[in-house]
Amino acid sequence: MDATRQPEQRPGDGDGDRYGVLLYYKYAEVPDAGALAAFYEEHCRGLSLVGRVRVGPDGVNATLGGRMAALEKHIAEMSSNALFDGTDFKLASCEDPVDEKVARECGFTSLSVRVVKELVTLCSNPTSAPPEISSAGKHLPAAEFHSVLQNVAGTSSDAVAPVEKNEVVVVDARNVYETRIGKFNVPNVETLDPEIRQYSDLPSWIDEHTEKLRGKSILMYCTGGIRCEMASAYIRSKGEGFENVFQLYGGIQRYLEKFPDGGYFEGKNFVFDHRISVGSLKENILGACLLCGSSYDDYSSRCRCSHCRMLVLVCPTCQDSSKEYVCELCQKNGKEHCQTSTKQDCEIQIGLSEPSGFEKTSISDHSVTSKVPWSNDTEHLKKLRILCLHGFRQNASNFKGRTSALAKKLKHIAELVFIDAPHELSFVYQPIQGHCSDKPSLPSATSKRKFAWLIAPNSSFNTEQDWKAADAPFDPLQYQEQTEGFEKSYAYLEKTISQMGSFDGILGFSQGAAMAALFCRQQQKTCGAPRFKFGMFCSGYPAPVGDFDGEPIKLPSFHCFGNGEGHDRQIANKASTELAGLFQQDRCSVLEHDMGHIIPTRLPYIDQIRSFLSSFL
């Protein structure tokens, strides 16, 4: 933040009894985040303030609500601390929260103070270092930002030297549910809307559009400014051709204060508090109902996509509690309305378009109400989305059934998504001689299709629904011979993820755990790091496929398997321990249990699983 520019105080109408909302952030080195968080807890409660405060080693981000007099006292207190020199305290008076549901979802019924690792997570991969905040783009106050746009649009002859020498492009650093209802619209200026679901998707979009940005003067904006800090630093880290990056100081909020008629901003500014959105005097509507297309921009009904839980716009006429809504991003990825009467257990079928060996992917979404926006300018907190890989000779439906207790106990923090492996297996059975016949009896039931991630060399499979006798008795060590098919499975997972959207983590069971580890290993070799925040490997083993040159897999990992007393008859404790040893040890958690070849859900095991996942929320 530019410490030389003193913020303009706007305490609303000066009536201390009125309700108000205060937004601010400050990037600065915090020597003792825990002590500062404790101060916030005591100080804010003493003033009866509610909302969210996040304190990290890199600074503070706060969204607070309460009486104007109390908020002004808070500003005075924080301004006396040298840590907050130059901080832009954005204070606005407004009506008291009247919708209890919205207030509760936005954190305006209680106070939440937490210590975090970083204020804003630009990259979802914890092994990737964030850009240096000192490299952030230059701040342009609202008047100067407007002047640049006016000059480029041809409606002013004023020159702004740092910007005019290059072609100007405007970049919106917000999420798609925000840009639906409001954005900058400037004649003769290209405005890029990344159409992302969450802020951590922005780096990928920037990487894919570098040629649109190279050599340009890039003007960035967001709600209050904090997202542009990291995003502009990320763009500038790309080096030559990306030096001229500017950000709207104070975000859209300060711009609308300076230009109450809206200026070049059309529609409403989505905010992360009980107000939901703030418009200009012209009150034009940019948004449209997801179903009928009529003009609509009110999120107060809190309608959400049944797949990704993102907010969607649905007008009162189209709202129906029995309907499933599918946002535009999920529609682009091929997802359709669920053919079930409940939103709690939604199964859909997605056909992958890739013709070279990709099977249809069976997906199960356990969707419950997600946590929603808390802060003034950060992505909303939501459930972790976990890709689940089944074991050998299983399928997505089977694995979903076996983990139903796990899904139920994790429903408030995780969404489990199940897919079939690409290698379809033959129908085989273990012959059992009957009492009255020398011939083995065939299974009477029709089996469901079974799949595998890895298969034995020279395997040939008949996918017709005809049973055949197994060549040999069951061998508990057969997994050691399943060394083929990795390339096809890796390409299949890459394609599946690109079709279904990003995942926070990956969970594998038995052979699925082996495949998940191989996938993360290959990601690290080809991309520098796995694409997930974490991995969970249950009853896993190190598949004898390829080599890794001894470098550990740099991914926070949770390993769950039977203890050394023979409780898992299929995968030896030694093999699962060996798999855990392939991961970065300071980020490796191990849970040994006595429950056999399963994922345990009873106490105390489930608490350890919840604890691991909660650290990524």
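Calculation rules
Residues numbered from 1 in each chain as written. Predicted model: local features only at pLDDT ≥ 70, side-chain atom pairs only at ≥ 80, totals over all residues. Heavy atoms only, no water. Helix = DSSP H or I, 4+ residues; strand = E, 2+ residues; numbered from the N terminus. Contact = heavy atoms within 4.5 Å. Areas by Shrake-Rupley, 256 points an atom, 1.4 Å probe, with all protein chains shown as cover. Salt bridge = Lys/Arg side-chain N within 4 Å of Asp/Glu carboxyl O. Buried < 20%, exposed > 50% of the residue type's maximum accessible area, 1.4 Å probe, protein only. Polar contact = N/O pair within 3.5 Å; in protein donor to acceptor, adjacent residues only side chain to side chain. Axes fitted to C-alpha atoms, helices over the stretch in contact; angles between N-to-C directions. Parallel < 35°, antiparallel > 145°, perpendicular 65-115°, else oblique. Nonpolar A, V, L, I, M, F, W, Y, C, P; charged D, E, K, R; others polar. Core = buried A, V, L, I, M, F, W, Y, C linked by side-chain atoms within 4.5 Å. Expected span 1.5 Å × (residues − 1). Disulfide = S-S within 2.5 Å. Pairing = 2+ DSSP bridges. pLDDT = per-residue confidence, 0-100.

Regarding the overall build of the protein
Here's step 1: Within the protein one finds 17 helices and 25 strands.
Here's step 2: Taking contacts inside the protein between residues at least 6 apart in sequence as the whole, the part at least 24 apart equals 73%.
Here's step 3: Summing over all exposed atoms, the protein offers an accessible surface of approximately 26100 Å²; the carbon and sulfur share of this is 48%.

Description of the pattern of salt bridges
Here's step 1: Across all of its chains, the model carries 23 salt bridges by this definition.
Here's step 2: Here Arg254 makes a salt bridge to Asp88, at a shortest N to O gap of 2.6 Å. Residue Arg254 is located in helix α10 (residues 251-258), and its partner Asp88 is located in the loop between α2 (68-79) and β4 (90-94); the two are separated by 166 residues in the primary sequence.
Here's step 3: Beyond isolated ion pairs, a larger network of salt bridges with shared partners links Asp88, Lys90, Arg254 and Glu257.

Notes on the side chain of Glu324
Here's step 1: With respect to the helices and strands, the residue Glu324 is situated in the loop between β13 (277-279) and α11 (328-332).
Here's step 2: The class for Glu324 is buried, based on a relative accessible area of 7%.
Here's step 3: A distance of 3.3 Å separates the side chain of Glu324 from the side chain of Ser306, its partner in a polar contact.

Brief notes about the packing of helix α14 (residues 486-500) against helix α15 (residues 511-527)
Here's step 1: α15 packs onto α14 with a crossing angle of 80° between their chain directions and a minimal axis gap of 11 Å. As the angle between them shows, α14 and α15 are arranged roughly perpendicular. The residues of α15 that touch α14, namely those facing Phe486, Ser489, Tyr490, Leu493, Glu494 and Ile497, are Met515, Leu518, Phe519, Gln522, Gln523 and Thr526.
Here's step 2: A breakdown of the residues in the contact of α14 with α15 according to their chemical character gives seven nonpolar, four polar and one charged.

Concerning the nonpolar core
Here's step 1: Counting 35 residues, the largest nonpolar core has Leu387, Leu389, Ile419, Trp453, Leu493, Phe532 and Phe537 as its most contacted members.
Here's step 2: Sorting the residues of this core by element identifies β16 (384-389), β17 (414-419), α14, α15 and α16 (573-580) as the ones contributing at least two each.

As for the environment of Phe616
Here's step 1: You can see Phe616 is positioned in the segment after α17 (605-614).
Here's step 2: Sequence separation between Phe616 and Ile413 is 203 residues, and the spatial gap between their C-alpha atoms is 9.7 Å.
Here's step 3: For Phe616, the residues in contact, after removing those within four places along its chain, are Leu384, Lys533, Phe534 and Pro556.

Re unusual backbone geometry
Here's step 1: For the peptide bond that leads from Leu603 to Pro604, omega is 0°, which places it in the cis range.
Here's step 2: Along the chain, the position of Pro604 falls in the loop between β25 (588-593) and α17.
Here's step 3: Located in the positive-phi region is Asn188, a residue other than glycine, with phi close to 70°.
Here's step 4: By the element assignment, Asn188 lies in the loop between β8 (182-184) and β9 (190-192).

Details of α15
The periodicity of an α-helix, 3.6 residues per turn, causes residues three or four places apart in sequence to face the same way.
Here's step 1: Taking 1.5 Å as the rise per residue, α15 with 17 residues should run 24 Å; its terminal C-alpha atoms sit 24 Å apart, in good agreement.
Here's step 2: Within α15, 13 of the 17 residues are buried, which leaves the element mostly enclosed by the surrounding structure.
Here's step 3: Two residues or fewer past α15, Gly528 is found with a positive phi of approximately 95°.

Details of the side chain of Ser576
Here's step 1: Within the secondary structure, Ser576 is located in helix α16.
Here's step 2: Look at Ser576 and you get buried, because its relative accessible area is 2%.
Here's step 3: The contacts of Ser576, once residues within four sequence positions are left out, are Ser539, Gly540, Phe561 and Ile571.

A short note on the state of the cysteines
Here's step 1: In this structure the tally under the stated criterion is zero disulfides.
Here's step 2: For Cys538, which is in no disulfide, the shortest distance to another cysteine sulfur is to Cys560 and amounts to 4.8 Å.
Here's step 3: Assessed through its relative accessible area of 2%, Cys538 is described here as buried.

Focus: the sheet that holds strand β5 (residues 111-115)
Here's step 1: With mixed pairing, the five strands of this open sheet are ordered in space as β4-β1-β3-β2-β5. This sheet does not close on itself; its edge strands, each paired only once, are β4 and β5. Here the average twist between neighbouring strands, direction ignored, is 10°.
Here's step 2: Bridge count for strand β1 (residues 19-27) against strand β3 (residues 59-67) is nine bridges, and the pairing is antiparallel. Its bridge partner being in β3, Lys26 is matched across the sheet by Val60.
Here's step 3: Its contacts with the sheet put helix α9 (residues 226-236) on β1 and β3, and the angle it makes with β1 is roughly 20°.

Quick word on the sheet that holds strand β22 (residues 505-509)
Strand pairing in a sheet takes place through backbone hydrogen bonds and is either antiparallel or parallel in direction.
Here's step 1: Spatially, six strands are ordered β17-β16-β22-β23-β24-β25 in an open sheet, and the strand pairing comes out parallel. Of all strands in the sheet, those with a lone pairing partner are β17 and β25, marking the two edges. Averaged over all adjacent pairs, the angle separating strand axes in this sheet is 20°, with direction ignored.
Here's step 2: Summarising the sheet, strand β24 (residues 557-562) and β25 pair through six bridges and their orientation is parallel. Bridging across to β25, Gly562 finds its partner in His593.

Description of the packing of helix α4 (residues 142-153) against α10
Here's step 1: At a minimum axis separation of 9 Å, α4 and α10 run at an interaxial angle of 85°. It follows that α4 is roughly perpendicular to α10 by the angle criterion. Judged by residue contacts, Ala142, Ala143, Phe145 and His146 of α4 engage Arg254, Tyr255 and Lys258 from α10.
Here's step 2: Residues belonging to the contact of α4 with α10 are distributed by class as follows: four nonpolar, one polar and two charged.

Things to note about the confidence of the model for the protein
Here's step 1: Looking at the protein as a whole, its pLDDT mean stands at 80, while 78% of the residues score no less than 70.
Here's step 2: Note on residues 1-14: pLDDT is under 50 here. Beyond four places in sequence and across chains, it has 33 contacts.
Here's step 3: Below a pLDDT of 50 lies the segment residues 338-381, which in the model reaches 154 contacts outside its immediate sequence neighbourhood of four places, other chains included.

Overview of α14
Here's step 1: For α14, which comprises 15 residues, the first-to-last C-alpha distance of 21 Å matches the rise-based estimate of 21 Å (1.5 Å per residue) to within 8%.
Here's step 2: Every buried residue of α14 is listed here: Phe486, Ser489, Tyr490, Tyr492, Leu493, Thr496, Ile497, Gln499 and Met500.
Here's step 3: Gly501 lies just past α14 and shows a positive phi near 95°.

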